[in-house]
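These are the residues of each chain, in order.
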Amino acid sequence: MDDRTQLLTLAARCEASSKPDRELDADIYEALGFVVRRKPTRLVNRRTPAGGIYQHGSFWKTLGAVSADIEIAVSLLRQKAPGWSWSLQCLAHEDLAFQALVADCSGQGVMGSLALCAAMLRALARREPAASSDSGLTET
């Protein structure tokens, strides 16, 4: 699966999700280029370290609940696409209660954070081919 397809698949998962999901959080961070350490599934107890993301050399930061917290979703969007415009609105009497728009790409979700993630992932997927085609290499 290429990067564009992976981003679009994650956007669809965000829209289909009925609640926040830590596995979805980890997948989103990985798709955005972070090195993710997942919480072990075997021999888990209260002292088992939570999952995290690798930043700044050897520093591990707790994996943010991007699918649950709108502030984390916004900060991730600002980090990965500074200067992009975005909006989020609440729709009354709809199954998918929130609709987000990021760089002219839309996303919907039962929570604002899920809708924003879906729109952000679609916008990044749309940007990916242009970024790879402008690699600076020309054929002569």
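Conventions used here
- Residues numbered from 1 in each chain as written.
- Predicted model: local features only at pLDDT ≥ 70, side-chain atom pairs only at ≥ 80, totals over all residues.
- Heavy atoms only, no water.
- pLDDT = per-residue confidence, 0-100.
- Helix = DSSP H or I, 4+ residues; strand = E, 2+ residues; numbered from the N terminus.
- Contact = heavy atoms within 4.5 Å.
- Core = buried A, V, L, I, M, F, W, Y, C linked by side-chain atoms within 4.5 Å.
- Buried < 20%, exposed > 50% of the residue type's maximum accessible area, 1.4 Å probe, protein only.
- Patch = residues over 30% accessible without salt bridge, like charges linked within 9 Å, V, L, I, M, F, W, Y side chains within 5 Å.
- Areas by Shrake-Rupley, 256 points an atom, 1.4 Å probe, with all protein chains shown as cover.
- Salt bridge = Lys/Arg side-chain N within 4 Å of Asp/Glu carboxyl O.
- Pairing = 2+ DSSP bridges.
- Axes fitted to C-alpha atoms, helices over the stretch in contact; angles between N-to-C directions.

### Concerning the confidence of the model for the protein chain
- Summing up the model confidence of the protein chain, the mean pLDDT is 80 and the portion of residues at 70 or higher is 71%.
- Mean pLDDT values for the elements of the protein chain range from 55 in strand β2 (residues 52-55) up to 95 in helix α1 (residues 3-16).
- Scored below 50 in pLDDT, residues 130-140 makes zero contacts in the model with residues more than four places away or belonging to other chains.

### Section: the nonpolar core
- One finds Cys14, Ile28, Leu32, Leu76 and Leu121 to be the most contacted residues of the largest nonpolar core, which totals 33 residues.
- At the level of elements, α1, α2 (22-31), α3 (70-80), β5 (98-102) and α4 (112-133) are the ones that each hand at least two residues to this core.
- For this core, the element with the highest residue contribution is α4, accounting for 11 residues.
- With near-sequence residues (within four places) excluded, Leu121 lies in contact with Leu7, Leu10, Ala11, Cys14, Ile28 and Leu32.

### A look at a nonpolar patch on the surface
- The grouping of Ile70, Trp86 and Leu88 at the surface amounts to a nonpolar patch, some 220 Å² of accessible area in total.
- Secondary-structure assignment places Ile70 in helix α3.

### Here's the deal with the environment of Ser113
- Secondary-structure assignment places Ser113 in helix α4.
- Using a relative accessible area of 2% as the deciding quantity, one classes Ser113 as buried.

### Quick notes on the environment of Arg126
- Inspection of the secondary structure puts Arg126 in helix α4.
- For the pair Arg126 and Ala103, spaced 23 residues apart in sequence, the C-alpha to C-alpha distance is 9.7 Å.
- Beyond its immediate chain neighbours, meaning those up to four positions away, Arg126 contacts Ala103, Asp104 and Cys105.

### A look at the sheet that holds strand β4 (residues 86-90)
- Pairing is antiparallel in the open sheet, where three strands are placed in the order β4-β5-β6. In the strand order of this sheet, the two ends are held by β4 and β6 (105-109), each with one partner. Direction aside, the axes of adjacent strands within the sheet are offset by 15° on average.
- Both β5 and β6 contribute to a ladder of five bridges, which runs antiparallel. Pairing of Ala100 across the sheet is with Gly107, part of β6.

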